[in-house]
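Tertiary structure, described
What follows is the residue order along each chain.
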Amino acid sequence: MMHLNVTNETSRLRALVVGTAVSNGPTPTIQEAYDPKSLEHIKAGTYPLEKDMVPEMEALCAIFEKYGVTVYRPKLIEDYNQIFSRDIGFVIGDMFIWANILPDREREQAAIQYIVNNVDPNKVVKAPEEVHIEGGDVILWDDHIFIGTYKGEDYKDYITARTNMQGVNFIKSLFPDKIVKEFDLVKSRTEARDNALHLDCCFQPVGKDKAVIYKDGFRDEADYNYLVNLFGNENLFHITRDEMYDMTSNFFSIDTDVVVIEKGFTRLKSWLLEKGFTVEEVPYAEIAKQEGLLRCSTLPLIRD
């Protein structure tokens, strides 16, 4: 039996699920695009190819192996995108929560069922149908659970709005002892530079008391100020609109002092090194064309 434990984003990692780009399928049509960045690359003829994405994911797995982390992979579905495992489920404390995701993606959940079968069934939860929530919108910070959402009345018109207020309230009901704070995110169907697809596209903690943040990813400045007050402005690394587009806040922590980033993030790397972090770099720019990066393609199961 696997005993899950994840209470924050940065404690020493012991086990996780990493998606796969093998048998990724053909380039989607314009009508099949889930987000504006993928749409942009489909139209431009620059959508990433399997032969370029598989080595990127294997480079990430090699780093996990270097640090002695147990890596699980989904069962393979032929001609199907299984890269972004964070979307389909997530762990809070010792509970595994299945996300209510876009109906087209339910097969991805079946592909990791063999892993979840090792968890106590009493610790596995499926959200009710009206609850929309994806793992990229859920960020853990010890006593806090941060959740990205979209509060606009036109929520149903946005395929880029993935977590609703019912999702926020569902997590509050499951974890009454936690401080659950929602953040109203900026969404766009057409411009990736103005679309915070998930909370981890514009904010993520790092280390014990620091975070990377994009101010304009929040619709309400009070939400941004909440994080400034919590972390302290001196502990925040502010990224630009273009850096948000490049997914700079979508790194992944193996430990409180070990961070994996995309190798092109030179400004972030300099800041992390200055703060005393060990920085591991991987090429992930092709996968980033689908508006997802390192955190999106990982699903932590056990941290210290």
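Above this text is the structure in question.
Residues numbered from 1 in each chain as written. Predicted model: local features only at pLDDT ≥ 70, side-chain atom pairs only at ≥ 80, totals over all residues. Heavy atoms only, no water.

As a further point, take the sheet that holds strand β1 (residues 13-18). Strands belonging to one sheet form pairs held by backbone hydrogen bonds; the direction of such a pair is parallel or antiparallel. Here three strands make up an open sheet; going across it, the order is β2-β1-β15 and the pairing mixed. Strand pairing shows two members of the sheet lacking a second neighbour, β2 (70-72) and β15 (298-303), which therefore form its edges. Direction aside, neighbouring strands of the sheet carry axes that sit 20° apart on average. Pairing analysis gives five bridges linking β1 to β15, with the strands arranged antiparallel. (Pairing = 2+ DSSP bridges. Helix = DSSP H or I, 4+ residues; strand = E, 2+ residues; numbered from the N terminus. Axes fitted to C-alpha atoms, helices over the stretch in contact; angles between N-to-C directions.)

Residues in a regular strand project their side chains so that they alternate between the two faces of the sheet. With five of five residues buried, strand β13 (residues 258-262) is to be regarded as a mostly interior element. Neither face of β13 is left uncovered, since the one carrying V258, V260 and E262 and the one carrying V259 and I261 both have all their residues buried. Note that strand β12 (residues 252-255) and β13 share three bridges and pair antiparallel. By the bridge assignment for β13, S253 is matched with V259. (Buried < 20%, exposed > 50% of the residue type's maximum accessible area, 1.4 Å probe, protein only.)

Attention now goes to helix α1 (residues 36-44). Every buried residue belonging to α1 is among P36, K37, S38, L39, H41 and I42, and all of these are buried. The secondary structure elements touched by the buried residues of α1 are α7 (241-245). In this structure D35 caps α1, since a side-chain oxygen of it lies 3.1 Å from the backbone nitrogen of K37. Downstream of α1 by one or two residues, G45 has phi in the positive range, about 75°. (Contact = heavy atoms within 4.5 Å. Polar contact = N/O pair within 3.5 Å; in protein donor to acceptor, adjacent residues only side chain to side chain.)

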